[in-house]
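Letter by letter, the chains look like this.
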Amino acid sequence: MWLRPLTRHRRWSVGSPRRTPAARVCLMDAQALAFGTGSFDLVAASFVIHVLDSPAVGVAEAYRVLVPGGRFAFTGGSARSRTGQAAGPASAENRSLGARLDALFVEFAGHLPPEGSMGQPVDAADLLTDAGFVDLREDRAEVAVYFPDGETLWRWVMSHGYRAFVEDLPAVHRREFRARVLALGSDDRILRRTTGVWSGRKPC
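A few points on the structure. Because the structure is predicted, anything quoted here is derived from the model rather than measured. (Residues numbered from 1 in each chain as written. Predicted model: local features only at pLDDT ≥ 70, side-chain atom pairs only at ≥ 80, totals over all residues. Heavy atoms only, no water.)

## Digging into the pairing of strand 5 (residues 190–201)
Across four bridges, the pairing between strand 3 (residues 66–75) and strand 5 is antiparallel. Within strand 5, the position partnered with A73 by the bridge is S199. With 11 bridges joining them, strand 4 (residues 134–146) and strand 5 adopt antiparallel strand pairing. Following the sheet pairing, R137 is matched in strand 5 by S199. (Pairing = 2+ DSSP bridges. Helix = DSSP H or I, 4+ residues; strand = E, 2+ residues; numbered from the N terminus.)

Shown next as structure tokens:
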């Protein structure tokens with residue numbers, strides 16, 4: 001999780017590192033944060049909540065450490081989407097790098113064990129509401145990343161949220177999956193990703 005202390009009221013701008021406050025890294029259980037109640041005005045969790053043993057407890061902890069009026073935002077997929085853009089494989093006509101990579105994940109998902117490490121489906125709106133959040137919002141975050149070759153793409157896959165998927169595959173399918181990723185065509189090397197960002201505000 002990423003948390004902004006109350007004392008950090010600054011504008012952050014890319015390309016101006018001198019204006020960026022120093023970050024302090026704390027390793028702890030997201031379901032039992034070692035911070036006092038009302039310590040932060042902003043809490044963010046990127047692809048964390050759905051892999052917790054209890055997503056509801058993680059969201060409740062975010063609520064606890066926020067000040068009244070503070071906001072919590074998280075990504076990681078939701079069973080419910082207000083945008084009408086449901087997660088799933090792209091159409092067969094879409095041969096973009098993202099569509100081809102998604103098709104591989106769908107194909108190999110059938111080889112995953114029943115109790116794997118990829119987390120559980122969550123309903124973001126229910127989690128936020130049950131924790132006490134109000135003013136719920138779902139925004140969209142988009143990113144486009146250029147990959148010069150398959151090996152660079154593979155390193156990205158293994159460091160950006162997909163490692164658990166790969167490591168849960170049986171060894172023979174893991175090797176095949178890696179080979180298929182490396183062999184993705186070179187006609188499109190830009191990976192475009194869109195994800196929902198759900199957020200809620202702690203009432204004043």
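## Examining the nonpolar core
Counting residues in hydrophobic clusters, the biggest one holds 24 residues, and the most contacted among them are V43, I49, V59, F72, F74, L128 and F133. At the level of secondary structure, the elements contributing two or more residues to this core comprise strand 2 (40–46), helix 1 (55–65), strand 3 and helix 3 (124–131). For this core, the leading source of residues is helix 3, giving five residues. Those residues in contact with L128 that sit more than four places away from it in its chain are V59, F72, F74, F133, L136, W198, S199 and G200. F108, L153, W156 and F177 belong to the second-largest nonpolar core, a separate cluster that totals 19 residues. (Core = buried A, V, L, I, M, F, W, Y, C linked by side-chain atoms within 4.5 Å. Buried < 20%, exposed > 50% of the residue type's maximum accessible area, 1.4 Å probe, protein only. Contact = heavy atoms within 4.5 Å.)

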